[in-house]
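Each chain, letter by letter, is given below.
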Amino acid sequence: MKRSGFGSTLGIVLATAGSAVGLGNVWRFPYMAGENGGAAFVVIYMGCILLLGVPGMVSEFIVGRHAQANAPRAYDKLSGGRPWRLVGYLGIFTSTVILGFYAVVAGWCLQYLFASMAGQLNGDAAYVKDYFATFSSSSVKPVVLGVVFILITHLVVARGIRKGIEQTSKLLMPVLFVLLLLLVVASCLLPGAMRGVEFLLRPDFSEVTSGTFLDALGQAFFSVSLGAAVLCTYASYFSKTTNLVKSSVQIVLIDTLVAVLSGLMIFPAAFSVGVQPDSGPSLIFITLPNVFQQAFAAMPAVGYVVSIMFYVLLVFAALTSTISMHEIGTAFFTEELHMSRSRSAWLVTAVASLLCVICALSVGAMPDLQLMGLSVMDFCDLLTANALLPVGGLMACLFVGWFVPRQVVADEFTNQGTVNRRFYRAYLFAVRYVCPLLILAIFLHQLGVL
Ligand code: TRP
């Protein structure tokens, strides 16, 4: 059976950038920067993206594009029977777990989109805080909306690579970008906004601790979708002429630009009304609705539109990411269990929805749903970000650096010797030594050893 693939280079870049750009950029990056001294964090983060993000992404691309198969089969094909296919299985597991809890937050974004349209977020600070607490702990709404989000994801994935994933990314990514730019302008025009801009752009290295480096590394990892074989699966739909290095650089640049712009959207607005950059869910679901109201108190119509735009942006960013997490399992079941694409997609949707329901209830109506002292939601978050992703990424780098036949790596990296030959040696060095050691460092840190 002939495999389908992306139709154009633009489609490849936008779909993969869509996977990378997500709640990690718009929500996690700004509060991580907020907690770690602003610009100093941004500088270190960019170093990590360069050293780790680009080589890691190229490695997953090499495996996927060479094998032209779902993740376990791809690792299998390139390892000649050794048990590397486990890395592929790990990727499917990790992506599906992430999909389960990510959809909960994406469902909150949907609710806030509806609520901002209906003008329900108007009220004082206590009201907004109470609104979030009441909504997230209800036993019906967050559960239903999380599952609805997975169903929307399902509709896209079931339509296939070109008609589903590529078309959707081509539509949503430009809109996302325009919304982001408009919001950055609106935010930076507010009185006193410059203090927020300064916070993000003027490095203060006195706030940097040893943990900052590792936090920045971890954020880089999550943000470019590294370590869950998502990039490997997408690369299996790339054309043989796609320039892997160039595409990686473009995708990483888009991802980083969106992260920085998100900071420029959130901090100036927050500083303008004297709100400290807060952390966690409260930043986008409690602090920001307040900020919008206060900042645009003189022009409520503008505030109304701005908050709708913000939640549309979040929903779009989350959707292009959940699509990628969904696709990896769907591709596997289609090819290995010989099911139709639609049936495989239903299988992934069913498993992810079940997880999503449990996660949503664990942070709301059923706080007893705990694992190892954490709500199931926080447990899934911690398990994937702090353990499974580092292992997956480490394996991808070790695999390409040390086990894949050198000729295969060279051919994929340079498209049979036609491009990128100058960077090949540097890449090989990075992937054999630099990346594994850096990833190991994150991992040990997260285990509390380092
Ligand atoms: N990168 C996305 C974000 O920033 C999240 C994401 C999508 C992801 N696919 C992934 C994270 C695979 C890790 C692995 O929100």
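Up top you'll find the structure we're talking about.
Residues numbered from 1 in each chain as written. Predicted model: local features only at pLDDT ≥ 70, side-chain atom pairs only at ≥ 80, totals over all residues. Heavy atoms only, no water.

S.K.: Before we go on, may I ask you to explain the overall build of the chain in this structure?
M.R.: Per the secondary structure count, the chain includes 18 helices and two strands. For a compact globule of 450 residues, the expected C-alpha radius of gyration is about 22 Å, and the chain comes in at 21 Å, within 12% of that figure. Its C-alpha atoms put the chain at 65 × 50 × 45 Å along the principal axes. Burial analysis of the chain (450 residues in total) assigns 60% to the buried set. Across the chain, every contact between residues at least 6 apart in sequence was considered, and the portion connecting residues at least 24 apart equals 82%. For the chain, the computed accessible surface area is about 17,700 Å², with 68% contributed by carbon and sulfur atoms. Within the chain, the 20 negative side-chain charges are centred at a point lying 15 Å from the centre of the 25 positive side-chain charges. (Helix = DSSP H or I, 4+ residues; strand = E, 2+ residues; numbered from the N terminus. Rg over C-alpha atoms; globule rule 2.2 N^0.38 Å. Buried < 20%, exposed > 50% of the residue type's maximum accessible area, 1.4 Å probe, protein only. Contact = heavy atoms within 4.5 Å. Areas by Shrake-Rupley, 256 points an atom, 1.4 Å probe, with all protein chains shown as cover. Lys, Arg positive; Asp, Glu negative; His and termini not counted. Charge placed at Lys NZ, Arg CZ, Asp CG, Glu CD.)

S.K.: Explain the environment of V184 to me, please; I cannot follow it from the model alone.
M.R.: Among the structural elements, V184 can be located in helix 8 (residues 161-188). Considered as a pair, V184 and I308 are 124 residues apart in the sequence and their alpha carbons are 14 Å apart. Ignoring any residue separated from it by four or fewer positions in sequence, one finds V184 in contact with L261, L264 and M265.

S.K.: Looking at this structure, how should I read unusual backbone geometry?
M.R.: The phi angle of most residues is negative, glycine excepted, and most peptide bonds adopt the trans form. Even without being glycine, Q68 reaches a positive phi, approximately 50°. In this fold, Q68 is placed in the loop between helix 3 (39-67) and helix 4 (71-79). Here Q68 falls in the partly exposed class, since its relative accessible area comes to 29%. Phi angles above zero are rare outside glycine, and H338 is one such case at about 50°. As for its placement among the helices and strands, H338 is situated in the loop between helix 14 (300-336) and helix 15 (341-362).

S.K.: Teacher, can you tell me more about the site of the ligand here?
M.R.: Taken together, 17 residues sit near the ligand, with A20, G24, Y102, F222 and S225 positioned nearest. In this structure, L23 approaches the ligand through a main-chain N or O atom, which is 3.2 Å from an oxygen atom. In this structure, an oxygen atom belonging to the ligand sits 2.5 Å away from a side-chain N or O atom of Y102. Compared with its free state, where it exposes 370 Å², the ligand has 100% of that area covered by protein. In this structure, the ligand is accommodated by the largest cavity. Among the secondary structure elements, those contributing two or more residues to the shell around the ligand are helix 1 (9-20), helix 2 (23-35), helix 5 (85-117), helix 10 (210-223) and helix 14. Class assignment for the residues of the shell around the ligand results in nine nonpolar, eight polar and no charged. (Near = heavy atom within 4 Å. Polar contact = N/O pair within 3.5 Å; in protein donor to acceptor, adjacent residues only side chain to side chain. 1 Å grid on protein atoms, 1.4 Å probe; cavity = no way out; pocket = protein on both sides within 12 Å on 5 of 7 lines; lining within 4 Å. Sits in = over half its atoms within 2 Å of the grid points. Nonpolar A, V, L, I, M, F, W, Y, C, P; charged D, E, K, R; others polar.)

S.K.: Quick question: what am I supposed to make of the pattern of salt bridges here?
M.R.: Close approach of charged atoms allows side chains with opposite charge to pair. Per the counting criterion, the structure on display carries seven salt bridges. E166 is the partner of K170 in a salt bridge, and the nearest nitrogen-oxygen pair spans 3.6 Å. Of this pair, K170 and E166 both sit in helix 8, four residues apart, which is roughly one turn of that helix. A salt bridge links E327 to R341; the nearest nitrogen and oxygen atoms lie 2.4 Å apart. Here the residue E327 occupies a position in helix 14, and R341 occupies one in helix 15, the gap between them amounting to 14 residues. Several salt bridges share partner residues, and in doing so they unite R65, K240 and E412 into one network. (Salt bridge = Lys/Arg side-chain N within 4 Å of Asp/Glu carboxyl O.)

S.K.: Looking at this structure, how should I read the side chain of N243?
M.R.: Structurally, N243 can be placed in the loop between helix 11 (230-235) and helix 12 (244-272). On the basis of relative accessibility, which here comes to 17%, the residue N243 falls in the buried class. Apart from residues no more than four positions distant in its own chain, N243 is found in contact with N415, V419 and N420.

S.K.: Help me out: how do you make sense of the layout of surface pockets in this one?
M.R.: To find the voids left in a structure, one rolls a probe of water-molecule size over its atoms. Its volume calculated, the largest pocket comes out at about 480 Å³. Taken together, 22 residues make up the lining of the largest pocket; nearest its centre are W27, Y31, F101, D378 and D381. Mapped by element, the contributors of at least two residues to the lining of the largest pocket are helix 2, helix 5 and helix 16 (376-403). With six residues, helix 16 is the single largest residue contributor to the lining of the largest pocket. Looking at the lining of the largest pocket residue by residue, the classes come out as 16 nonpolar, three polar and three charged. (Points joined across faces, edges and corners; volume = space filled by probe spheres on them.)

S.K.: How do you make sense of empty space enclosed by the protein when you look at a structure like this?
M.R.: Enumeration according to the criterion identifies three cavities of 30 Å³ or more in this entry. As a volume, the largest cavity reaches approximately 190 Å³. Around the largest cavity sit 19 residues that line it, and S19, I98, F222, S225 and M325 are the ones nearest its centre. At the level of secondary structure, the elements contributing two or more residues to the lining of the largest cavity comprise helix 1, helix 2, helix 5, helix 10 and helix 14. Looking at the lining of the largest cavity, its residues break down into 10 nonpolar, nine polar and no charged.

S.K.: Mind showing me how you'd approach helix 5 here?
M.R.: In this model, helix 5 (33 residues) spans 47 Å end to end at C-alpha, consistent with the 48 Å of a helix rising 1.5 Å per residue. Y102 marks where helix 5 bends most, by close to 25°. Of the residues flanking the end of helix 5, it is G119, one or two places downstream, whose phi is positive at about 70°. (Expected span 1.5 Å × (residues − 1). Bend = angle between axes of the 7 residues up to and from the residue.)

Shape descriptors only; they carry no functional weight alone.
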